[in-house]
Number of protein chains: 4
Amino acid sequence: MSDPRILTVRPEPGEYAWTFGGAPPVARIAPGTVLDLYTEDCFGGRVRSEKDLVSEMCEFPYLNPQTGPFHIEGAEQGDTLAVHFVSVEPARDWAASTTVPLFGALTSTHTTATLQPPLPQTVWIWQLDRTRRTALFRAHDSDIEAELPMDPMHGTVGVAPANLEVRSALVPDAHGGNMDTPEMRAGVTCYLGVNVEGALLSLGDGHARQGEGETCGVAVECAMNTVVIVELLKGVTTPWPRIESDTHIISTGSARPLEDAFRISQADLVRWLVRDYGFSELDAYQFATQAVESPLANVCDTNYTCVAKIRKEWLPARETYRAVHARLRETAATCAEDPGAAPPAPARPGSLGP
Amino acid sequence: MSDPRILTVRPEPGEYAWTFGGAPPVARIAPGTVLDLYTEDCFGGRVRSEKDLVSEMCEFPYLNPQTGPFHIEGAEQGDTLAVHFVSVEPARDWAASTTVPLFGALTSTHTTATLQPPLPQTVWIWQLDRTRRTALFRAHDSDIEAELPMDPMHGTVGVAPANLEVRSALVPDAHGGNMDTPEMRAGVTCYLGVNVEGALLSLGDGHARQGEGETCGVAVECAMNTVVIVELLKGVTTPWPRIESDTHIISTGSARPLEDAFRISQADLVRWLVRDYGFSELDAYQFATQAVESPLANVCDTNYTCVAKIRKEWLPARETYRAVHARLRETAATCAEDPGAAPPAPARPGSLGP
Amino acid sequence: MSDPRILTVRPEPGEYAWTFGGAPPVARIAPGTVLDLYTEDCFGGRVRSEKDLVSEMCEFPYLNPQTGPFHIEGAEQGDTLAVHFVSVEPARDWAASTTVPLFGALTSTHTTATLQPPLPQTVWIWQLDRTRRTALFRAHDSDIEAELPMDPMHGTVGVAPANLEVRSALVPDAHGGNMDTPEMRAGVTCYLGVNVEGALLSLGDGHARQGEGETCGVAVECAMNTVVIVELLKGVTTPWPRIESDTHIISTGSARPLEDAFRISQADLVRWLVRDYGFSELDAYQFATQAVESPLANVCDTNYTCVAKIRKEWLPARETYRAVHARLRETAATCAEDPGAAPPAPARPGSLGP
Amino acid sequence: MSDPRILTVRPEPGEYAWTFGGAPPVARIAPGTVLDLYTEDCFGGRVRSEKDLVSEMCEFPYLNPQTGPFHIEGAEQGDTLAVHFVSVEPARDWAASTTVPLFGALTSTHTTATLQPPLPQTVWIWQLDRTRRTALFRAHDSDIEAELPMDPMHGTVGVAPANLEVRSALVPDAHGGNMDTPEMRAGVTCYLGVNVEGALLSLGDGHARQGEGETCGVAVECAMNTVVIVELLKGVTTPWPRIESDTHIISTGSARPLEDAFRISQADLVRWLVRDYGFSELDAYQFATQAVESPLANVCDTNYTCVAKIRKEWLPARETYRAVHARLRETAATCAEDPGAAPPAPARPGSLGP
């Protein structure tokens, strides 16, 4: 590849990471690098028909493969990584969802333990129409069909955690990880606090679309061709993952019980307003109370994730995160004009495993 | 009043209800009646300037006065009340919000008990521009001002509870009550299951606007002139309050911890899809997982409230709740054409109390 | 009855209360009165064999009948009722327990809502040997038998709630109610804050014994002959129910999630140490941390209940609650010496209902 | 050392582990080995007077040093480690406790996030009398003193976690870790499921005593001289840490919210009764409901821990865990008779660090 700032990564089956932290970097990149990535779906591409039960096709803990990690040169604890999503495009014309025994919000689980048997394990294959940008639901037990808009996103984006820990790619926490928020779509910039040298960024878990809360525990799971630009903001801290879109600033929190995820996300938004927009803490508390949108992200994972978002047009005209979102937005537009810079990649389903 | 189906109620200070259940009806009405109501704000109109601290102006439990209750003729356990909101209009050109000691999501409380002192008690008065339909925030500790769209709603709508109980108007539960969801705005129909003879409907707690989750515990609190039409659906059950708008069907759940409110609302939505739209339970679980919007309502009250909503355009073309929403929408349009039928009422602040 | 200070109450079937608050007093008593009471079991005596399923024999909300309420003369908001348990004796030689559909800790429920079917409904009849003071468990599906010590207690003791509310007898909260703690046994004094004139004390829900947490939701349920002495402490407040035994002071808290019940009970214990034993708040926090016993009471009811207890021998020698426990202990000893004062009552199962 | 089955380990400052998983083994041992260990306190021995604030003396994440890990030869996933505590003896005549900013049950925290300032940071030094086996509390703000019984225990015992994870030593979960239950005292056997080859056992976090729930987040923290015998049970699974004493079988569960920790521990106890004592699941549910003791362990750590225990005398006379507890109890008695086998070690405070 001629441009050293573009790195294309299409992992071979054995090349995925299954954790945040603990996996050796697949590449060292300079800040500003464009990553042109292939990500496998959360099943490692192994659930391909309604006969492919997760319990038979997948082997715990080899779920939710991550593309990465990438070592970002110069990143240290106390810095922030800005990950701009240029494009997130389904790599196949189908996607899979399923119930998983003792996983999901409307079933008992290994921690919300009951003596009841699990719900049946059932797979739904959704057809994606990438031209019309729709995802087609077909009911099993009736002739109901429904075409929903595609809204591609990444369920999992994160860096190596703090405290010497290594966390499964199924976990969302302060390092990011499996937050499963539909806000993580093309056009946004995700801010992640750096915990270890090089940050060690990975991402995966593409969803063709997802409802808020990911009720049954599994979205419309899909391999993705995704382009991101990675920037480094030295000396800027980010305690919990944040997202900036053209219209909103967005805080997240991941914890149990769900009210703690809410508290984290709302307190983080208040502190963002204080740090970057000139509010006192109590004024920010009052203002956010009346202005915030609070859609749920996931209520099924090992931590639950809440989102707190506020319209930028309602905020004082101040700069946040050194205006990196606007700059990356422009760079992304340039990428898009030069298709060679970040070409759409062919789908490569391939079996993969530990 | 010439039209017997229109009842105007502007309570005198001593005429409000402070509970759901346990208060004698202020009127008996036939199904189909248009109620043209004045509702006081949650402070009983006593917080009128930044010097009016709730702890000094209001006396617990005389908070959140309700207009009602109304005995609906013929309503019995097992029926559903359909309450259509024709209009919800601020009755004053200002509204009040405040922090309340040991109340709200970002403070310890009487139940999330800590040994820390409470946050300061601070009042914000919001100016409402009813022509431009905006609410003006003025910061205390800086010169920040922000004009937000008015989006008037009722925090509290409900009927007498089941199980022989009487609940404070501050409580949301299966009978409705203080759910504090911004979805309760003009144009929607709220479905409430009837628990006792006559149902005993009340409403109050107007908000000029509110963020999702009502983070500090208090919205932009405002007296309202509100017009609703009350219909009765015999033999139709509604286990938890539901709302229908022109675009969405909406389930609610109120409980602690917050994930239980989520579970209730999502399970209720699944069961609604099964009962009225022809889905099997597992198909509904899958479909809702990918299609649902899940904005928080309140994360501050004695129970927390979650909302689960789905676009009607994505659902099979079936009738729900005997198509009463569409009919009431039409009736409401008629009301609007005949301004005499439900005239805007003058604000009447008046002091009130127990 | 010759001694005006002893009142015997054996309710007729229609004479029980099903709520705290909202029921008219069955008697007005002076402070110091000895109440010699019969209490029915939580099923109203209707589950008498393994064929008697709760769902068939009992009709919601007519569960958990309470003996009372008693109006205590002179009791006002801001006072404390001291209820000393002289004796708690099973009124029959058998007791019943059962699983209840969608109720209990190891099943989904109406609020921890899942799509799984409920567990089977199964009744166990326990034989009580009142001489040897044992309760005999017989397994259904094996020949296992186990004789456990009887440890009779009342699951439900309370007064009318604050805030104009009426609560089901199935609810535990700040007014007491269905706390289901094994600490409520003969020999202890229960302190309840008075919320309304006359306090309106009721009790019921006898258990021949119960594990901590009441895991399946139902204890070894038993009608009881119970003698209590009721005293009034004017001008002494009690924010949450407390218990004093010869060896411990005991705080309770009832809330969801369970950590909030824990927080309430521990914070209450800290404040008790501060008010009556001379500790500063932080010293009390440290001391209680190392000295407290924290057995669970119930993790199945509408609120969960935690207990926080500390040995009196480890505390400074100070007086708490005007030393009423020691005085009532002496009075109780006198009662016991004069069997005529509080005679053991014959069991009267009798069917009862709304 | 003459007996190859005894291994004495007194780590140098740089030789502690700060995680479960991710640390190289300090030794490989055969099953049956007696470990004669020194463990540092959770502060690394750095809090030695009331002037030594944790925030100044300790550097996150270098809290809670663990002695180990030990690679147990032959241990594989699907096996159980039996760790018998022969003796747990304070290594100093003092111990330290403290409040920690935004940590503990009666304060907001980083996840139960509020806008309130933290409680003051205060240190208490407890004097231990190892002859009389007491721990002396001295109040800061009054002249209150109280002598409590010493009851030495380990807050932290665990193995490497499953799912490729590495967890901070501050975390309790299915691998054990920082469970903080007073049940982990001399005389008991702790059963831990093996997740990785060699199991990688570590322990630390000695407490001279602790209340149930560890309310302020910190016990009476003390370096320990501890002797354990480590056995391996091939082909026996243990999903969550269990403990056996001479009198009880004890299940644990660690999760948030606290009711999930309760559910895990109680469901685990039910399954233990089913697997080893011949109960059907529903019979076990009923029996445990009436027989269980449920003291809290911690309600302050990243996961909360509940304990569910039942008297062995009430259970059918069956063998559990191949009767290893009784055998290790005998071996331990032999150790005690031969003081050379496991000599009391001199206290070695020493500063330590990363």
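Rules behind the numbers
- Residues numbered from 1 in each chain as written.
- Chains lettered and ligands numbered in written order.
- Predicted model: local features only at pLDDT ≥ 70, side-chain atom pairs only at ≥ 80, totals over all residues.
- Heavy atoms only, no water.
- Contact = heavy atoms within 4.5 Å.
- Buried area = accessible area lost by both parts, 1.4 Å probe.
- Salt bridge = Lys/Arg side-chain N within 4 Å of Asp/Glu carboxyl O.
- Polar contact = N/O pair within 3.5 Å; in protein donor to acceptor, adjacent residues only side chain to side chain.
- Helix = DSSP H or I, 4+ residues; strand = E, 2+ residues; numbered from the N terminus.
- Nonpolar A, V, L, I, M, F, W, Y, C, P; charged D, E, K, R; others polar.
- pLDDT = per-residue confidence, 0-100.
- Pairing = 2+ DSSP bridges.
- Axes fitted to C-alpha atoms, helices over the stretch in contact; angles between N-to-C directions.
- Buried < 20%, exposed > 50% of the residue type's maximum accessible area, 1.4 Å probe, protein only.
- Lys, Arg positive; Asp, Glu negative; His and termini not counted.
- Parallel < 35°, antiparallel > 145°, perpendicular 65-115°, else oblique.
- Least-squares fit on C-alpha atoms with pLDDT ≥ 70 in both.

- As named in an unreviewed UniProt entry, chain A is Acetamidase/Formamidase, taken from Streptomyces zinciresistens K42.

## Focus on the interface of chain A and chain B
Next up, step 1: At the junction of the two partners, chain A supplies 64 residues and chain B supplies 64 residues.
Next up, step 2: Between chain A and chain B the total buried area reaches about 5,100 Å² when both faces are included, carbon and sulfur atoms providing 64% of it.
Next up, step 3: Taken as a group, Y285(A), Q286(A) and Q290(A) account for 14% of the area that chain A buries against chain B, more than any other trio of residues on that side.
Next up, step 4: If you look at where chain A meets chain B, you find 0 salt bridges.
Next up, step 5: Where chain A packs against chain B, one counts 40 residue pairs in polar contact (both at pLDDT 80 or more).
Next up, step 6: Elements that contribute at least two residues to the side of chain A that touches chain B include exactly β7 (94–98), β8 (123–129), β10 (145–149), α2 (258–277), α3 (281–291) and β21 (304–311) of chain A.
Next up, step 7: Taken together, the residues of the side of chain A that touches chain B break down into 35 nonpolar, 20 polar and 9 charged.

## Observations regarding the confidence of the model for chain A
Next up, step 1: Per-residue confidence for chain A gives a mean pLDDT of 94, with 94% of residues at or over 70.
Next up, step 2: Ignoring residues within four places in sequence, the model shows residues 339–354 of chain A, a span with pLDDT below 50, making 41 contacts including any to other chains.

## Some thoughts on the sheet that holds strand β7 (residues 94–98) of chain D
All names here are of chain D.
Next up, step 1: If you trace the 4 strands from one edge of the open sheet to the other, you get β7-β8-β9-β10, paired in antiparallel fashion. With partners counted over all chains shown, the strands left at the sheet margins are β7 and β10 (145–149), one partner each. Strand-to-strand twist in this sheet, taken as the mean axis angle between neighbours without regard to direction, amounts to 30°.
Next up, step 2: Pairing analysis gives 5 bridges linking β7 to strand β8 (residues 123–129), with the strands arranged antiparallel.

## What to know about the pairing of strand β8 (residues 123–129) of chain C
Next up, step 1: Most of β8(C) is tucked away: 5 of the 7 residues are buried.
Next up, step 2: The turn joining β8(C) and strand β9 (residues 134–138) of chain C, which pair antiparallel and follow one another in sequence, is formed by 4 residues; a positive phi near 60° is taken by R133(C).

## Digging into the interface of chain C and chain B
Next up, step 1: The partner chain B presents 28 residues to the 28 residues of chain C that form the contact.
Next up, step 2: Both faces considered, chain C and chain B share a buried interface measuring about 2,500 Å² in area, 61% of it formed by carbon and sulfur atoms.
Next up, step 3: In terms of surface lost to chain B, no three residues of chain C exceed L115(C), N163(C) and L164(C), which account for 24% of the buried area on that side.
Next up, step 4: On the surface where chain C and chain B come into contact, there are 4 salt bridges.
Next up, step 5: In this structure, R256(B) and D260(C) form a salt bridge, with 4.0 Å as the shortest nitrogen-oxygen distance.
Next up, step 6: Seen at the junction of chain C and chain B, the total is 9 residue pairs in polar contact (both at pLDDT 80 or more).
Next up, step 7: Secondary-structure elements contributing two or more residues to the side of chain C that touches chain B are β12 (167–168), α2 (258–277) and α3 (281–291) of chain C.
Next up, step 8: Considering every element that reaches the side of chain C that touches chain B, the biggest residue donor is α2(C), with 6 residues.
Next up, step 9: Across the side of chain C that touches chain B, the residue classes break down as 14 nonpolar, 7 polar and 7 charged.

## Quick notes on the side chain of R209(A)
Next up, step 1: Residue position: R209(A) is located in the loop between β16 (199–207) and β17 (224–233).
Next up, step 2: Buried charged residue R209(A) carries no salt bridge. Nearest counter-charge: D151(A), at 5.5 Å.
Next up, step 3: In terms of polar contacts, R209(A) uses its side chain to reach the backbone carbonyl oxygen of Q290(B), at 2.8 Å.
Next up, step 4: When residues no more than four places from it in sequence are discounted, the contact partners of R209(A) are L148(A), P149(A), D151(A), A219(A), V220(A), Q290(B), A291(B) and W314(B).

## Some points on the packing of α2(A) against helix α2 (residues 258–277) of chain B
Next up, step 1: Packing of α2(A) against α2(B) brings their axes to within 6 Å, and their N-to-C directions diverge by 110°. Taken together, α2(A) and α2(B) sit at an angle that is classed as roughly perpendicular. Residues L258(A), E259(A) and F262(A) of α2(A) touch α2(B), and the partners they reach there are L258(B), E259(B) and F262(B).

## With respect to the relation of the copies chain A and chain B
The second copy of the chain is related to the first by a rotation about an axis and a shift along the axis.
Next up, step 1: Once turned by 180° and shifted 0.0 Å along the axis, chain A lies on chain B with an RMSD of 0.0 Å. Between the two chains, the operation in question is that of a two-fold axis. Closest approach to the rotation axis among the C-alpha atoms of chain A is made by P295(A), whose C-alpha sits 2.1 Å away.
Next up, step 2: With an isologous cut-off of 70% or more, the 100% of interface residues of chain A that recur at the interface of chain B puts this contact in the isologous class.

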